[in-house]
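The chain contents come next:
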Amino acid sequence: AILPAVIYTNLITLALVTVATVFVVLYVSHKIAGPLFRFEKELAEIAEGDLTKVIHLRRKDEVTDMADSLNRMTASLRERLEELQGELDEAAAIAREENASDRLVEKLKDAQTTVHGRFKV
């Protein structure tokens, strides 16, 4: 007489535990997989030369420290590239002022074009 009640209780408990497990797994995977998907998209654009990208995550996401590190790295690269662009611009201006060889002026222009064309800062 008690066997059907035990079976129903076990089935209900199993169903509740299954539903709770599914929700926990979805929640945890969303907290990790979502930011990783965003990283993949943003890093692909950074790899193409867009150093203006900043990775924004929700405060409670699991990998915010990594996002902060990547943002600092991108900012540092951007600053260094801006310095390089300034140095190239200055070198090209000096070369033109001092009537440097056409070959040198052309190479400096090529370097400027390459840096300005490949990177967005």
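Quick note: structure is the one above.
Residues numbered from 1 in each chain as written. Predicted model: local features only at pLDDT ≥ 70, side-chain atom pairs only at ≥ 80, totals over all residues. Heavy atoms only, no water.

Engineer: Go over the pattern of salt bridges, please, and point to the residues and values.
Structural biologist: The tally for this structure, following the rule as stated, stands at 2 salt bridges. Put simply, Lys 53 and Glu 42 hold a salt bridge, and the shortest N to O gap is 4.0 Å. Remark: Glu 42 occurs in helix α1 (residues 3–47) and Lys 53 occurs in the loop between α1 and α2 (64–97); sequence separation between them is 11 residues. Overall, Glu 42 belongs to the buried group, its relative accessible area being 15%. As a salt-bridge pair, Lys 53 and Glu 45 come within 2.8 Å of each other at their nearest N and O atoms. (Salt bridge = Lys/Arg side-chain N within 4 Å of Asp/Glu carboxyl O. Helix = DSSP H or I, 4+ residues; strand = E, 2+ residues; numbered from the N terminus. Buried < 20%, exposed > 50% of the residue type's maximum accessible area, 1.4 Å probe, protein only.)

Engineer: Give me the packing of α1 against α2: which residues, what numbers.
Structural biologist: Running from N to C, α1 and α2 cross one another at 10 degrees; their axes reach a closest spacing of 13 Å. By the angle between their axes, α1 is roughly parallel relative to α2. Of α2, the residues touching α1 (which contributes Phe 39, Leu 43 and Ile 46) are Met 66, Ala 67, Leu 70 and Thr 74. In the contact of α1 with α2, the residues fall into 6 nonpolar, 1 polar and no charged. (Axes fitted to C-alpha atoms, helices over the stretch in contact; angles between N-to-C directions. Parallel < 35°, antiparallel > 145°, perpendicular 65-115°, else oblique. Contact = heavy atoms within 4.5 Å. Nonpolar A, V, L, I, M, F, W, Y, C, P; charged D, E, K, R; others polar.)

Engineer: Break down unusual backbone geometry for me, citing the residues and quoting the values.
Structural biologist: A positive phi angle, close to 50 degrees, is found at Asn 99, a residue other than glycine. As for its placement among the helices and strands, Asn 99 is situated in the loop between α2 and α3 (102–118). By relative accessible area, Asn 99 is classed as exposed at 68%.

Engineer: Residues and numbers for the nonpolar core, please.
Structural biologist: By size, the foremost hydrophobic cluster in this structure holds 9 residues: Ile 46, Leu 51, Leu 81, Leu 88, Ala 92, Ala 95, Val 105, Leu 108 and Val 115. In terms of residue count, the dominant contributor to this core is α2 (4 residues). Apart from residues no more than four positions distant in its own chain, Leu 81 is found in contact with Leu 51, Val 115, Phe 119 and Val 121. Counting residues in hydrophobic clusters, the runner-up holds 6 residues, among them Ile 55, Leu 57, Ala 67 and Leu 70. (Core = buried A, V, L, I, M, F, W, Y, C linked by side-chain atoms within 4.5 Å.)

Engineer: Provide a residue-level description of the environment of Glu 82, including the pertinent values.
Structural biologist: Looking at the element boundaries, Glu 82 is found in helix α2. Sequence-wise, Glu 82 and Lys 120 are 38 residues apart; in three dimensions their C-alpha atoms are separated by 9.9 Å.

Engineer: Run through the packing of α2 against α3, naming residues and quoting values.
Structural biologist: Across the interface, α2 lies against α3 with an axial gap of 9 Å and an inter-helix angle of 155 degrees. One way to sum up the angle between α2 and α3 is to call them roughly antiparallel. Both α2 and α3 take part in a crossing whose hand is left-handed. For the pair α2 and α3, the contacting residues are Leu 81, Leu 84, Gln 85, Leu 88, Asp 89, Ala 91, Ala 92, Ala 95 and Arg 96 in the first and Val 105, Leu 108, Lys 109, Ala 111, Gln 112, Val 115 and His 116 in the second. When grouped by side-chain class, the residues that make up the contact of α2 with α3 number 10 nonpolar, 3 polar and 3 charged. (Left-handed = near helix turned anticlockwise from the far one by under 90°.)

Engineer: I'd love a proper account of α2, names of residues and values included.
Structural biologist: Given a rise of 1.5 Å per residue, 34 residues ought to cover 50 Å, and the 49 Å separating the end C-alpha atoms of α2 matches this to within 8%. Just beyond α2, the residue with positive phi is Asn 99, at close to 50 degrees. (Expected span 1.5 Å × (residues − 1).)

Engineer: Could you give an account of a nonpolar patch on the surface, with specific residues and numbers?
Structural biologist: Taken together, Leu 3, Ile 7, Tyr 8, Leu 11, Ile 12, Leu 14 and Leu 16 make up a surface patch of nonpolar side chains, about 770 Å² in accessible area. Position of Leu 11 among the secondary structure elements: in helix α1. (Patch = residues over 30% accessible without salt bridge, like charges linked within 9 Å, V, L, I, M, F, W, Y side chains within 5 Å. Areas by Shrake-Rupley, 256 points an atom, 1.4 Å probe, with all protein chains shown as cover.)

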